[in-house]
Amino acid sequence: MPHATDKNDILFERARAVIPGGVNSPVRAFRAVGGTPRFVKRAQGAYFWDAADRRYIDYIGSWGPMILGHGHPAVVDAVQRAVAEGFSFGAPTEREIELAEAILALVPSMEMVRLVSSGTEAAMSALRLARGATGRKYIIKFEGCYHGHADALLVKAGSGLATFGHPTSAGVPPEVVQHTLVLEYNNLAQLEEAFTLHGHEIACLMIEAIAGNMNFVRASAAFAQRCRELCTRHGALLVFDEVMTGFRVGLQGAQGVLGIRPDLTVLGKVIGGGMPLAAFGGPRAIMEQLAPLGPVYQAGTLSGNPVATACGLATLKEVARPGFFEALSHKTRTLVDGLKSAAAAEGIAFSADSEGGMFGFFLLDALPQNYSTVMTTDNARFNTLFHGLLERGVYIAPALYEAGFVSAAHSDEDIAATIDAARQIFKTLRA
Ligand code: KE4
């Protein structure tokens, strides 16, 4: 077996000469876990092969989009046919209507939807729309939730509740985040206080109701319900960022799991099937505030791209088939239960959870309820697990605060092999 990192090392060195950090998105650089990123040469089904032709069982799947597995024949066929008709027009197409209709049929809280090209763009646009529709400027987000890299959302909690956020990135002036209030996830007391102090001036509360950017942390039913109640009472918009959870944790996303109707929903990943496509939507009265009808400007050269919409439509058609999520949920739960059993057998502190095709696990005794608890995980132990799995051909997220994703293409044998690989590493972690 060739040493897996040699060709990857060569490519990584070449990449670093021309692309900052050698990657086009930071998490891919393996900086949290160390070592050399695997450069993907090709992917099929549940697997990808790296530059050294080594196969991995893929539990990232492009961070969620590849829910059918790589190269699903119906999706490949739809994309090939779309490409033959043209790559991009900058003009409306029927397929954008079809995709919009398909999304609205599956997400009852949305009456209208606008297609864009990335989750960042969708969340940023939803934020602008919320502010424009309410005439208010303050927003609430939660520590540990990630909504893309729009300036106003790159913010961490201020020192005290009443003070607003501080930038988490250079290049974001404090003025830009001075209206962003960052609260602790699942903290009811902070939520109540924030609305007591600022309820009349809050445009929206944006949340990942199952937070995949803290690995896998659920909003408690009480907390999610209180977010809904307080937004309604104070005239703020409740925005569910379902870029990761939409069509991933279930056909109706996290809002379906929780039984809560947000005012705006942000979507991405699965609805593009791996192509650059995201969306945001909600009630007609709010959505018609958008240009060209209303005063809130929003635009995009490649929005609703004809190849991306073909990919997304073909993907949604498959996930909407009867029994799709039941089978995927069972497969993912089998993985999580197997990992928990293996860890328990070795006396390893371990907790895990899953919903639909999304899962998370922690080298902690109990499932964390917020970001600061997630970050108490021993990084070195996680890195041992990460690299041990990688060496055994199992590819999980290269950071302990990221979620995992199972596809319809993962076989029972893949799940069993993953559990067995983890069991071998748990033995070393016990020592
Ligand atoms: P993009 O701009 O990366 O398409 O979407 C931003 C975004 C918005 N909202 C949620 C809930 C998200 O999870 C994301 C992006 N997720 C990360 C994974 N944690 C994408 C991976 C990356 O940044 O490379």
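In this text the structure is predicted, and so the values were computed from the model without any measurement.

A.B. asks: Explanation requested: the overall build of the chain in the structure shown.
C.D. replies: Within the chain one finds 14 helices and 18 strands. In terms of overall size, the chain behaves like a compact globule, its C-alpha atoms giving a radius of gyration of 21 Å where 431 residues would be expected to give roughly 22 Å. Counting only C-alpha atoms and orienting by the principal axes, one finds that the chain spans roughly 60 × 55 × 45 Å. Of all 431 residues assigned to the chain, the portion counted as buried reaches 55%. Counting contacts in the chain only where the partners sit at least 6 residues apart, residues at least 24 apart contribute 71% of the total. Summed over all atoms, the accessible surface of the chain reaches about 17700 Å², with 55% contributed by carbon and sulfur. When the 37 positive and 41 negative side-chain charges of the chain are each reduced to one mean point, those points stand 2 Å apart.

A.B. asks: How do you make sense of helix α2 (residues 73-85) when you look at a structure like this?
C.D. replies: Structural remark: α-helix, 3.6 residues per turn; residues separated by three or four positions point the same way. Between its first and last C-alpha, α2 extends 19 Å over 13 residues, near the 18 Å set by a 1.5 Å rise per residue. Among all positions of α2, only V75, A78, V79 and A82 are buried. Burial along α2 is one-sided: seen end-on, the buried residues are contained in an arc of 95°. Exposed side of α2, more than 90 degrees from the buried face: P73, Q80 and A84 are the residues found there. G86 occupies a position one or two residues after α2 and carries a positive phi of about 140°.

A.B. asks: Would you mind going over the packing of aromatic side chains with me for this structure?
C.D. replies: The relation between two aromatic rings is expressed through the spacing of the ring centres and the mutual angle of the planes. Scanning the entire structure with this criterion turns up 14 aromatic pairs. Grouping aromatic residues by their ring pairs yields a cluster made of F30, F48, Y56, F386 and Y395. The ring of F12 has R16 sitting right over it, with the charged end atom 4.4 Å from the ring centre. A cation over an aromatic ring shows up here: R42 above the ring of W49, its NZ or CZ 3.9 Å from the ring centre.

A.B. asks: How should the pattern of salt bridges be read in this particular structure?
C.D. replies: Oppositely charged side chains are able to pair whenever their charged atoms sit close together. With the rule as written, the count across this model stands at 14 salt bridges. In this structure, D77 and R81 form a salt bridge, with 2.9 Å as the shortest nitrogen-oxygen distance. Of the two residues, D77 and R81 both sit in helix α2, 4 residues apart, roughly one turn of that helix. Taking the relative accessible area as the measure of exposure, D77 reaches 34% and is therefore partly exposed. Through salt bridges with shared partners, a single ionic network connects R218, R333, D353 and E355.

A.B. asks: What's the story with the packing of helix α6 (residues 188-198) against helix α7 (residues 221-234) in this structure? I'm lost.
C.D. replies: Pairs of packed helices are described in terms of their axes, by the angle between the two and the distance that separates them. Running from amino to carboxyl end, α6 crosses α7 at an angle of 5°, the nearest separation of the two axes being 11 Å. Regarding the angle of α6 to α7, the classification is roughly parallel. Of α7, the residues touching α6 (which contributes L188, L191, E192 and F195) are A222, F223, R226, C227, L230, C231 and H234. Among the residues forming the contact of α6 with α7, the class breakdown is 8 nonpolar, 1 polar and 2 charged.

Rules behind the numbers
Residues numbered from 1 in each chain as written. Predicted model: local features only at pLDDT ≥ 70, side-chain atom pairs only at ≥ 80, totals over all residues. Heavy atoms only, no water. Helix = DSSP H or I, 4+ residues; strand = E, 2+ residues; numbered from the N terminus. Rg over C-alpha atoms; globule rule 2.2 N^0.38 Å. Buried < 20%, exposed > 50% of the residue type's maximum accessible area, 1.4 Å probe, protein only. Contact = heavy atoms within 4.5 Å. Areas by Shrake-Rupley, 256 points an atom, 1.4 Å probe, with all protein chains shown as cover. Lys, Arg positive; Asp, Glu negative; His and termini not counted. Charge placed at Lys NZ, Arg CZ, Asp CG, Glu CD. Expected span 1.5 Å × (residues − 1). Arc of directions from axis to C-beta. Phe/Tyr/Trp six-rings, centres within 6.5 Å; stacked < 30°, edge-to-face > 60°. Lys NZ or Arg CZ within 6 Å of the ring centre and 35° of its normal. Salt bridge = Lys/Arg side-chain N within 4 Å of Asp/Glu carboxyl O. Axes fitted to C-alpha atoms, helices over the stretch in contact; angles between N-to-C directions. Parallel < 35°, antiparallel > 145°, perpendicular 65-115°, else oblique. Nonpolar A, V, L, I, M, F, W, Y, C, P; charged D, E, K, R; others polar.

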